[in-house]
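# Chains, contacts and geometry: an overview
Listed below, chain by chain, are the residues.
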Amino acid sequence: MELSQFQRQMHYDGIEWQYQSSRNKLNNGLLAENILTLLNSEIIFENYLPKENDFLKIWLEYKHAKNHNKSRPYIGDFISFIYNKEWKINNGFDHINFEYEILQEGEIKIS
């Protein structure tokens, strides 16, 4: 998980970038809508109040990158959210022209 604070809008520099867009669910069936409901229903971050265009990205990682001395495959899917008066599901490229500062990185445990 990575929580980032909006710094400024960037201007198009003429370079074409390849970018993987956000998904609506992760490989384990975790849905963006379910996370969105939680984000907008309670305060889940300590010492942080979201501001306009702040960005939250959630992805899967293996707890152990190797299993029986073999590397596990890369998990590339992620879910992302952008704040605009409330958290909203990022529609792929909503944040691409913004510059961010990472505020928090961490692990989310679901029970």
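First things first, this report covers the structure right here in the doc. Every chain begins its residue count from 1, and numbering advances along the sequence as written. Per-residue local features of the predicted model are confined to residues with pLDDT of at least 70, and side-chain atom pairs are confined, for both listing and counting, to 80 or more; whole-chain, interface and lining totals are unaffected and use all residues. In computing side-chain values, all of the structure's heavy atoms are included and hydrogens and water are not.

### Section: the overall build of the protein chain
The secondary structure content of the protein chain amounts to one helix and seven strands. Helical segments are the DSSP runs of H or I of at least four residues, strand segments are the runs of E of at least two, and each set is numbered from the N terminus. Ordering the α and β elements of the protein chain from the N terminus gives β-α-β-β-β-β-β-β. For every residue, the accessible area obtained with a 1.4 Å probe (protein chains only) is divided by the maximum for its type, and the residue is called buried under 20%, exposed over 50%, and partly exposed between those limits. Looking at the protein chain as a whole, 29% of its 111 residues are labelled buried. Here the contacts in the protein chain between residues at least 6 apart in sequence split such that 77% fall between residues at least 24 apart. If you sum the accessible surface of the protein chain, you get close to 8400 Å²; carbon and sulfur atoms cover 48% of it. Any two residues whose heavy atoms approach within 4.5 Å at even a single point are treated as in contact. Note on areas: Shrake-Rupley with a 1.4 Å probe; residue coverage comes only from the protein chains shown.

### Things to note about the sheet that holds strand S7 (residues 98–105)
DSSP-based pairing: two strands are paired if at least 2 bridges between them are found. Taken in spatial order, the five strands make up an open sheet running S6-S5-S2-S1-S7, and their pairing is antiparallel. Of all the strands in the sheet, just strand S6 (87–89) and S7 have a single pairing partner and so form its edges. Geometrically, the sheet is characterised by an average inter-axis angle of 30° between neighbouring strands, direction not taken into account. Of the strand pairs in this sheet, strand S1 (residues 2–9) and S7 are connected by seven bridges, and their pairing is antiparallel. From the neighbouring strand, Gln9 faces S7, where its bridge partner is Phe98. Between the N-to-C directions of two axes lies an angle of 0 to 180 degrees, each axis being a line fitted to C-alpha atoms and, for a helix, fitted only over the stretch in contact. Seen against the sheet, helix H1 (residues 32–41) touches strand S2 (55–59), strand S5 (78–83) and S6 and runs at an angle of roughly 175° to S6.

### Considering the nonpolar core
In these notes, a set of buried Ala, Val, Leu, Ile, Met, Phe, Trp, Tyr and Cys residues joined through side-chain atoms within 4.5 Å is what counts as a nonpolar core. Of all hydrophobic cores here, the largest spans 16 residues; its most connected members are Leu3, Leu39, Phe45, Leu56, Ile58, Phe81 and Trp87. The set of elements that each furnish at least two residues to this core consists of H1, S2, S5 and S6. Top element by residues in this core is H1. It accounts for four residues. If sequence neighbours within four positions are ignored, Leu39 has contacts with Ile44, Phe45, Leu56, Phe81 and Trp87.

### So, the pattern of salt bridges
One side-chain nitrogen of Lys or Arg within 4 Å of one carboxyl oxygen of Asp or Glu is enough to make a salt bridge. Evaluation of the coordinates by the stated rule reveals one salt bridge. For Glu99, the salt bridge goes to Arg8, with nearest N and O atoms at 2.8 Å. Placement of the pair is Glu99 in strand S7 and Arg8 in strand S1, with a sequence separation of 91 residues. When its relative accessible area of 44% is taken as the criterion, Arg8 is described as partly exposed.

### A short note on the pairing of S5
For S5, a buried count of six out of six residues is recorded, marking the element as mostly surrounded by other parts of the structure. Going residue by residue along S5, you find Phe78, Ser80 and Ile82 tucked away on one face and Ile79, Phe81 and Tyr83 tucked away on the opposite face as well. Sheet topology note: the S2/S5 ladder contains five bridges and is antiparallel. For Phe55, the partnering residue across the bridge sits in S5 and is Ile82. As paired strands, S5 and S6 are joined by three bridges and run antiparallel to one another. Within S6, the position partnered with Ile82 by the bridge is Lys88. Between the antiparallel neighbours S5 and S6 lie three residues, among them Lys85 with a positive phi of about 70°.

Geometric values such as these leave the question of function open.
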